[in-house]
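Listed below are the residues making up each chain.
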Amino acid sequence: MTEQDNHLKLTVTQINLTEEGTDDAIKADSIKLDSATNSTPISDVQDKVSSKIVLATLNAKFFHTSFGLRYLYANLKELQSCCEIQEFIIQTRAIDIVEQILASKPNIVGFGVYIWNIVETTNVVNLLKVIAPEIKIVLGGPEVSYETEQQAIVQCADYVLTGAADVSFYQLCKNIINKTPPDKKILNSKPVELNEIELPYQYYTDEDLKQRLLYVEASRGCPFKCEFCLSSLDKSSVPFELELFLEQMEILHQRGARNFKFIDRTFNLNINTTMQIMQFFLDRMTDDLYLHFEVVPDHLPRKLKALLAQFPKGSLQFEVGIQTFNVEVQANINRKQNNAKSKDNLLWLRDNTSAHIHADLIFGLPGETFDTFKDSFNHLYHCRPHEIQLGILKRLKGSPIIRHTEAFDLRFNPLPPFNILSTNTVSFTTMQRINRFARYWDMIGNSGRFKYALPHILSDKPFDDFMAITEWIFNKTGQIHKINLKKLFELISQSVEALFPEKHQLVISKIELDYNASKLKSLFNGLNLYAVKQIEPTSKNKSLQRQQRHMS
C-alpha cells in the first residue's frame, strides 16, 4: 500500500480458524498498526501501553467488509494507536472468536451488531464475559439501537451506543480509559455533521481491495418514508462533500480497487451528483470495474439514461426496490411510487443498457394478499429484470411498520431474522408456500443457470406456472435446501413433463443448453429427465441379455 501523508500504515494478518467437523478454513482479518504509526499521546495521566481496543464484527461472508468498523476506527483520533479491527464470519465458532479476541489482550471490545449476526454475536459476548468479565463490552449497530433494554445481548454488555456512533465511540473509549466512565449503560449518540467526521476509505487494506467487496457512500439518509425500512426514520438524504468523496474514490482506484458497492439508499435522488459520480467511473472504465447502486425506479431523466447507456456489459448492477405494485399496499406503508414510470424505466434499462437489474418484491406487507402479490410478481417478471429477489417482510426493530401490528394482525417470528409468519390476509400455510416459492426461484430463476429453459417453461402467467413447479418439486423431495445441481436439472424436466407435457420435448432441448453451460462433468444423456419411467425400446429382458453376452 502506498503510504499517504499523515495516514497510518496498515498491515493485515490472516488468521485461519478451522471449524470442528468441517474442512473449511474460517478466516478473520485483523487490521493492525505497525511501528511507523504517527500518533499523539492519549493522556498524560494514563498508561497508553496498557490500553487496548478491539473493534469486532461477524460478517455474513468473508467477501464482505465492515464499513461501520472502519468509520469508528477512522474517528478514534489518538486512540487509533491502541486499536485493531478483527472481522470474522458467522460460521466461526464462538469459542474460536473469543480466543482470537483475547489474544490481543483488550480492555475494550466494540461489536457491530446487525440482524444477520445478532444470535452469533450474543453467543460471543456471553462467552467473553464468562472468561474475561473485566473487559468492557460496547455494542453498536442498528440491531441494538431500538428496543434496546429487552435484548439478551444487552444484558451482558457494559455499554450500548445507539444511532450513528462515529464520534460517540471515541468519546466513550476515552472516558473508560481515563477512568471517568458514564453512569448508565445505554447511551444515545448525538447527530453529527458529515463534514465533522473522518472518512474511512484509507483503512481498506490491500487485501480488501484484491479479495473483498468495498462499501462506499456518497450520502446518508433517505427522504422516503417506506415503513418497512429503518431509513424511513431519517429526515432527509444528506450528501458528503462531492469533491472530497471523489478524491477518496480516486485514491482507492489508484490503489487497485475495482469493486464498489454504494450503500446510498437513493443513489439517483440528486441527478447532477449522480451524473458526476457516474462520469468519474466511466472516465476510468476498465474490464474489471464493477459498480453496484440502489436506484429509485421512477426517477431516470433523459440525461442520466444517456450516460447509463455508455457503460459496458459487466460494469453496472442496479438494485431496484419495487416491493409491491399494489397501490393500496403502497398507501398502507407510506410508499410513493409511480408504477407506470417504474415499469417503463425497468424495460428501458433492460433494452438500452448492459446493467444487471436486480429487482425486489416483499411479501407479507400490511394488506397484501396472495393474489395481489401474484399480480406484482407477474408485472415485474414481464419487465424482464435479471433477478427478482422475493423477500419476506421482517420486523426491523424501530421500523414504523410495527404500528400496523394490531390492525393487520401481523405475527412475526420472535427469533432472528424476525420474519412475518402470518397476517389477517395471509395464513401461515400460505406464507410457507411463498417461502418455498422464493427459495426455488432463487435456485432456478435468479441463479442464471436456466436462462434457456425458463422462458419456455413459464407462460404469460409466470407466477401460477412457477408455483405449480414449486409445489411439484417440494412434494417430490420435501427439500428446499441441499438439492445438487444435477438433481435440480432432473427435477425441473420431470416437473415440466408432469405439469406441462405439451412443452416437455422443447424444454428438454433448452435444458440441454443450460446443462452444457453449467460445465457439470456427467453427461446430459445420463440424466433422468422423465417423471414417468420410459419403456425400453427392446423386449429382451435383462436375464436374456446377460445370457447372450456370455454366449457371444
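Our subject is the structure that appears above.
Residues numbered from 1 in each chain as written. Predicted model: local features only at pLDDT ≥ 70, side-chain atom pairs only at ≥ 80, totals over all residues. Heavy atoms only, no water.

## As for the side chain of Gln 317
- The topology assignment puts Gln 317 in strand S14 (residues 316–323).
- Within polar-contact distance, the side chain of Gln 317 engages the side chain of Tyr 290 at 2.8 Å.
- Ignoring anything within four residues of it in the chain, the contact list for Gln 317 reads Tyr 290, Leu 291, His 292, Phe 293, His 356 and His 358. (Helix = DSSP H or I, 4+ residues; strand = E, 2+ residues; numbered from the N terminus. Polar contact = N/O pair within 3.5 Å; in protein donor to acceptor, adjacent residues only side chain to side chain. Contact = heavy atoms within 4.5 Å.)

## Quick look at helix H13 (residues 428–444)
- With 17 residues, H13 extends 24 Å from end C-alpha to end C-alpha; this agrees with the ideal 24 Å at 1.5 Å per step.
- Buried within H13 we find Thr 430, Met 431, Ile 434, Phe 437, Ala 438, Tyr 440, Trp 441, Met 443 and Ile 444. (Expected span 1.5 Å × (residues − 1). Buried < 20%, exposed > 50% of the residue type's maximum accessible area, 1.4 Å probe, protein only.)

## Re the nonpolar core
- One finds Tyr 201, Phe 245, Phe 260, Phe 262, Phe 318 and Trp 441 to be the most contacted residues of the largest nonpolar core, which totals 107 residues.
- Examining the composition of this core, we find that 8 residues originate from one element, H13, more than from any other.
- Not counting chain neighbours up to four residues away, the residues in contact with Trp 441 comprise Phe 377, Tyr 381, Ile 388, Leu 390, Asn 446, Leu 454, Leu 458 and Phe 466. (Core = buried A, V, L, I, M, F, W, Y, C linked by side-chain atoms within 4.5 Å.)

## Topic: the packing of helix H7 (residues 242–254) against helix H8 (residues 271–282)
- The N-to-C vectors of H7 and H8 enclose an angle of 20°; their axes lie 11 Å apart at closest approach. Between H7 and H8, the interaxial angle falls into the category roughly parallel. Between H7 and H8 lies a crossing of right-handed hand. For the pair H7 and H8, contact is made by Leu 242, Phe 245, Leu 246, Met 249 and Glu 250 and by Thr 273, Gln 276, Ile 277, Phe 280 and Phe 281, respectively.
- Residue composition of the contact of H7 with H8, grouped by class: 7 nonpolar, 2 polar and 1 charged. (Axes fitted to C-alpha atoms, helices over the stretch in contact; angles between N-to-C directions. Parallel < 35°, antiparallel > 145°, perpendicular 65-115°, else oblique. Left-handed = near helix turned anticlockwise from the far one by under 90°. Nonpolar A, V, L, I, M, F, W, Y, C, P; charged D, E, K, R; others polar.)

## Description of helix H5 (residues 168–177)
- Most of H5 is tucked away: 7 of the 10 residues are buried.
- What H5 keeps buried is the set Ser 168, Phe 169, Tyr 170, Leu 172, Cys 173, Ile 176 and Ile 177.
- Close packing links the buried residues of H5 with strand S3 (53–59), helix H1 (67–74), strand S5 (108–112), strand S6 (136–140), strand S7 (159–162) and strand S8 (186–188).
- Lys 179 lies just past H5 and shows a positive phi near 60°.

## Focus on the pattern of salt bridges
- Summed over the entire model, instances satisfying the criterion amount to 22 salt bridges.
- The closest approach of N and O atoms between Arg 70 and Asp 208, which form a salt bridge, is 3.0 Å. Highlighted residues: Arg 70 in helix H1 and Asp 208 in helix H6 (residues 206–211), separated in sequence by 138 residues.
- Arg 70 gets classed as buried once you look at its relative accessible area, which sits at 0%.
- Three or more residues are tied together by salt bridges with common partners; here these are Arg 70, Glu 87, Asp 208 and Arg 212. (Salt bridge = Lys/Arg side-chain N within 4 Å of Asp/Glu carboxyl O.)

## Let's talk about the sheet that holds S14
- Reading across from one edge, S9-S12-S13-S14-S15-S16 is the order of the 6 strands in this open sheet, with parallel pairing throughout. Both edges of this open sheet fall to strand S9 (214–216) and strand S16 (387–392), since each of them pairs with a single strand only. Sheet twist, expressed as the average angle between the axes of neighbouring strands with direction ignored, equals 25°.
- Helix H12 (residues 370–381) contacts S14, strand S15 (356–363) and S16 of the sheet and is inclined by roughly 175° relative to S15.
- This element, H13, spans S15 and S16 of the sheet and lies at about 150° to S16. (Pairing = 2+ DSSP bridges.)

## Regarding the pairing of S14
- Most of S14 is tucked away, with 8 of its 8 residues classed as buried.
- Both strand S13 (residues 290–295) and S14 contribute to a ladder of 5 bridges, which runs parallel. Following the sheet pairing, Phe 293 is matched in S14 by Phe 318.
- Judged from the 6 bridges that link them, S14 and S15 form a sheet pairing that is parallel. Note on S15: the bridge partner recorded for Gly 321 is Asp 360.

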